[in-house]
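# A look at the structure
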Amino acid sequence: KIAEEYTAWRIFALNERDSASARYKRLLSGKKTIIQYWESDCHSFSMLKQIALKIFSIVPSTSKSERCFSTFEFCHSKLQNKLSSERIHKLLYIKINEKQLKSDGDQEISDCLQDNISEGFFCDSDK
């Protein structure tokens, strides 16, 4: 059903573009946002409209990826650059989920992690 609706919408959208309709010109000029387009011009494509509105309502942000890189730099520094990939994945998992561990009452795990990082016990070369 969704594939049929997408095909019908695609034909509709191409016809709008080819005929240079007023709706298409408003969208192209920026007078109408993509969300406004889906809300006002796509009533006959209800399933596709729901999906499009959810997708286009997502706020793009790089903060999560920046946070991950920052965490990686903390765990894999110049002093700790001999970590195996398995060990770095485990360390990153613990570090990223540290707040959750703390909220679950596992302060001991968090303290142990912090002590081990500062003392360099996560280095594979220490084995």
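Here, the structure is the one placed above.
Note that this is a predicted model, so its numbers are computed, not measured.

Conventions adopted
- Residues numbered from 1 in each chain as written.
- Predicted model: local features only at pLDDT ≥ 70, side-chain atom pairs only at ≥ 80, totals over all residues.
- Heavy atoms only, no water.
- Helix = DSSP H or I, 4+ residues; strand = E, 2+ residues; numbered from the N terminus.
- Buried < 20%, exposed > 50% of the residue type's maximum accessible area, 1.4 Å probe, protein only.
- Contact = heavy atoms within 4.5 Å.
- Areas by Shrake-Rupley, 256 points an atom, 1.4 Å probe, with all protein chains shown as cover.
- Core = buried A, V, L, I, M, F, W, Y, C linked by side-chain atoms within 4.5 Å.

### Brief notes about the overall build of the chain
- In terms of regular secondary structure, the chain is built from eight helices and zero strands.
- Helices and strands in the chain line up, N terminus first, as α-α-α-α-α-α-α-α.
- Relative to its full complement of 127 residues, the chain shows a buried share of 25%.
- Pairs at least 24 apart in sequence give 46% of the contacts found in the chain among residues at least 6 apart.
- With the model as given, the accessible surface of the chain reaches about 9,500 Å², and the carbon-plus-sulfur share is 57%.

### Topic: the nonpolar core
- In terms of nonpolar packing, the biggest core is built from nine residues, these being Trp9, Ala13, Tyr37, Trp38, Cys42, Phe45, Leu48, Ala52 and Leu53.
- Secondary structure elements with two or more residues in this core: helix H1 (2-18), helix H3 (34-41) and helix H4 (46-56).
- Considering every element that reaches this core, the biggest residue donor is H4, with three residues.

### Structural notes on unusual backbone geometry
- Within the chain, Ala20 stands out as a residue other than glycine whose phi angle is a positive 50 degrees.
- Note on placement: Ala20 falls in the loop between H1 and helix H2 (22-29).
- With a relative accessible area of 35%, Ala20 lands in the partly exposed category.

### Some remarks on the environment of Leu27
- Mapping Leu27 onto the fold places it in helix H2.
- For Leu27, a relative accessible area of 26% translates into the label partly exposed.
- For Leu27 and Tyr37, which are 10 residues apart along the polypeptide, the C-alpha to C-alpha distance reads 7.1 Å.
- Once residues within four sequence positions are removed from consideration, Leu27 is found in contact with Lys32, Thr33, Ile34 and Tyr37.

Bear in mind that shape data such as this cannot, by itself, settle questions of function.
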